[in-house]
Amino acid sequence: QETLVYKIMDSIIENENLSLQRASIELQCSKSLLMRTINHMNEALKKFNVQIATKNLAFRGREEDIRLALFTFYSTFGNSTILDEQSEDDVTRLLKVFDTTPSSHLHISHFRAAIWGSIIKQRWRYKKYTRPNPQLEFLITDNKNFKRFDYVMRKFYLHFNPVEKIPEHEILWLYFAS
């Protein structure tokens, strides 16, 4: 967690569109070292169809691909609270909501759910939402398991944001990812 790569990933997820100049000051490295490291990271991110823009540090690509890249990166550390110290409590709360819902038989990996939850909360902070394939959306929304999942996730989302409604696309993506 002390590597420059980790610090860059963390800076991008915490500070949407951080300037290269500001990032080099905050990360205490030269702009040339920062650029070389980002170029190396972009090579690794190609397999996810994601890039780090260098004018203002931000992820570029489809939101679904960005989330998968973040999950792959952060899960390698083996710490479910790496992004958010509340992630364990959030998963416990989510599982309680599922337990109180009739006929919800989902098998959830606590560790994976905590990492995904942390990433999603960070991305929602900047209103970064997904756009699932419309054909899949049509097939899934009629499924009774999805309807239960939708109910639970809307109820759970109210804990984080009692004012805004969770976008339908996000619930579909969560269903796919779980």
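Above this note sits the structure.
Let me sum up the structure you'll find in this document. (Residues numbered from 1 in each chain as written. Predicted model: local features only at pLDDT ≥ 70, side-chain atom pairs only at ≥ 80, totals over all residues. Heavy atoms only, no water.)

This part is about the sheet that holds strand β3 (residues 56–60). Reading across the sheet, the three strands line up as β1-β3-β2 and stay open at both edges, with antiparallel pairing between neighbours. Of all strands in the sheet, those with a lone pairing partner are β1 (18–19) and β2 (51–53), marking the two edges. As judged from the three bridges shared by β2 and β3, these two strands associate in the antiparallel manner. Counted as the bridge partner of Gln51 is Arg60 from β3. The strands touched by helix α1 (residues 4–14) are β1, β2 and β3; relative to β3, the strand with the most contacts, the crossing angle is about 85°. The strands touched by helix α3 (residues 31–45) are β2 and β3; relative to β2, the strand with the most contacts, the crossing angle is about 145°. (Pairing = 2+ DSSP bridges. Helix = DSSP H or I, 4+ residues; strand = E, 2+ residues; numbered from the N terminus. Contact = heavy atoms within 4.5 Å. Axes fitted to C-alpha atoms, helices over the stretch in contact; angles between N-to-C directions.)

This part is about the pairing of β3. Looking at chain direction, β1 and β3 are connected through two bridges and run antiparallel. Directly across from Leu18, in β3, lies its bridge partner Leu57.

A word on the pattern of salt bridges. Taken as a whole and assessed by the stated rule, the structure comprises eleven salt bridges. The salt bridge involving Arg123 is made with Glu63; its shortest N-O contact spans 2.8 Å. With Arg123 in helix α6 (residues 110–125) and Glu63 in helix α4 (residues 63–75), the pair connects residues that are 60 residues apart, well separated along the chain. We note that Arg123, like Glu63, is buried. For the salt bridge of Glu168 with Arg154, the shortest nitrogen-to-oxygen distance reads 3.1 Å. Here Glu168, found in helix α9 (residues 168–177), pairs with Arg154, found in helix α8 (residues 144–160); they are 14 residues apart in sequence, far enough to count as distant. With relative accessibility at 32%, the residue Glu168 sits in the partly exposed group. A cluster of three or more residues bridged by salt bridges with shared partners is formed by Glu63, Arg67, Arg123 and Glu170. (Salt bridge = Lys/Arg side-chain N within 4 Å of Asp/Glu carboxyl O. Buried < 20%, exposed > 50% of the residue type's maximum accessible area, 1.4 Å probe, protein only.)

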